[in-house]
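Breakdown of the fold
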Amino acid sequence: MEIISSIPELRRRIEAFRAGGAGPGTEPGSLSVGFVPTMGWLHNGHLALVRTARKADDLVVVSIFVNPIQFGPGEDYDRYPRDLERDAGMTSAAEADLLFVPSTAEMYPVGHSTTVEVVGGLTGHLCGASRPGHFRGVTTVVAKLLNIVRPRRAYFGWKDAQQLLVVRRMVRDLNLGVEIVGVPTVREPDGLAMSSRNGYLSGQERLAARAIPRSLERVRFMIQNGERDAATIRREAAGIVAAEPLLAIDYLAVVDGNTLEEIERIRGTVMVALAVHAGKTRLIDNIRMEVGG
Ligand code: PAF
């Protein structure tokens, strides 16, 4: 695996690969590029994205860039964990081909003044409401990265379901011609969704955080057993999280899994999504279900 920090150099490497063809009997340009954007401090959730790309694509490119413009004032941009050596070892072990690690000046040179924003409902709810400007930062950097790498497929985790839907909408609206592949959430043995931010938790907060997946599993069970009233589902999940004194709910919503609008009846593609503060750490999680009738 090679580590590259310059945009022109990465482009040259990818274009040379793409032009090469897969060997005798294949068309030049037939090779597929798979792309996994990350902010580093990798965990098994990221590695699941890389492994999924490895199975589907000929060249796998991973990026690590802690994107300043998706963090709000007072958020954890400065203390976000960074360890390139550790991350490069993990990326290489997962058999990525190229690791792109641009500097902030490479991505946002002086005078950079363009942003990309999905407006309306998809970004207005859930994390979009709690973190104003966050998704504009995400779509701006993802649009730039997709333009730099020009992959056939890009891989995103369902743990950040709203991010995945927002990126899909941007790709559709801007005709970017890349397939956005959603990969299921990877969880710790006790159910907590893997996140680079889990490392911020104290021992007590980590224990309390188990209530998050427990609440989601409880309401999944209720829905599977016929509960169709969204308010009942919301109350039940919120009750389980609120019973932990170390947790404070930012939002807990029962929404349509495609539009993210709140719903009253559980029907079709449904998501129960929540954001919770454990001390200074903000954790998000969700379940997504197809419900008939
Ligand atoms: O999910 C993330 O780690 C980031 O939001 C992403 C997609 C890499 C953009 O900075």
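This text goes with the structure placed above it.
Summarised in this report is the structure supplied together with it. (Residues numbered from 1 in each chain as written. Predicted model: local features only at pLDDT ≥ 70, side-chain atom pairs only at ≥ 80, totals over all residues. Heavy atoms only, no water.)

**Brief notes about the overall build of the protein**
Secondary structure assignment for the protein yields eleven helices and nine strands. Over its C-alpha trace the protein gives a radius of gyration of 20 Å, about what one expects of a compact globule, namely 19 Å for 293 residues. Sequence separation of at least 24 residues holds for 70% of the intrachain contacts in the protein that already meet a minimum separation of 6. Accessible surface for the protein amounts to roughly 13,500 Å². Of this, 50% is attributable to carbon and sulfur atoms. Side chains of the protein carry 35 positive and 34 negative charges; the gap between the two charge centres is 2 Å. (Helix = DSSP H or I, 4+ residues; strand = E, 2+ residues; numbered from the N terminus. Rg over C-alpha atoms; globule rule 2.2 N^0.38 Å. Contact = heavy atoms within 4.5 Å. Areas by Shrake-Rupley, 256 points an atom, 1.4 Å probe, with all protein chains shown as cover. Lys, Arg positive; Asp, Glu negative; His and termini not counted. Charge placed at Lys NZ, Arg CZ, Asp CG, Glu CD.)

**Regarding the sheet that holds strand S3 (residues 59-64)**
Strands sit in the order S1-S4-S3-S2-S5-S6 across an open sheet of six strands; the sheet is parallel. The open sheet is flanked by strand S1 (2-4) and strand S6 (179-183), the only strands paired with a single partner. Averaged over all neighbouring strand pairs, the angle between strand axes comes to 25°, with direction disregarded. Across three bridges, the pairing between S3 and strand S4 (residues 98-100) is parallel. When the bridges of S4 are listed, Ser 63 appears paired with Phe 100. Helix-sheet contacts for helix H2 (residues 44-56) involve strand S2 (33-38), S3, strand S5 (153-157) and S6, and the interaxial angle to S5 is about 155°. Contacting S2, S3, S4 and S5, helix H7 (residues 134-149) crosses the sheet at an angle of about 150° to S2. (Pairing = 2+ DSSP bridges. Axes fitted to C-alpha atoms, helices over the stretch in contact; angles between N-to-C directions.)

**Comments concerning the sheet that holds strand S8 (residues 268-278)**
Pairing in this open sheet of three strands is antiparallel, and the strands run S7-S8-S9 from one edge to the other. One side of each edge strand has no neighbouring strand; the edge strands of this open sheet are strand S7 (247-256) and strand S9 (281-291). Each adjacent strand pair in this sheet contributes to an overall mean axis angle of 10°, direction not counted. Judged from the eleven bridges that link them, S8 and S9 form a sheet pairing that is antiparallel. Bridge pairing in S9 places Val 276 opposite Leu 283. Each of S7 and S8 touches helix H11 (residues 230-242); the most contacted strand, S7, lies at about 160° to it.

**Description of empty space enclosed by the protein**
Under the counting rule described, the total for this entry stands at one cavity of 30 Å³ or more. Considered as a void within the structure, the largest cavity measures approximately 40 Å³ in volume. At three residues, the largest contribution of residues to the lining of the largest cavity is made by S9. By residue class, the composition of the lining of the largest cavity is five nonpolar, two polar and two charged. (1 Å grid on protein atoms, 1.4 Å probe; cavity = no way out; pocket = protein on both sides within 12 Å on 5 of 7 lines; lining within 4 Å. Points joined across faces, edges and corners; volume = space filled by probe spheres on them. Nonpolar A, V, L, I, M, F, W, Y, C, P; charged D, E, K, R; others polar.)

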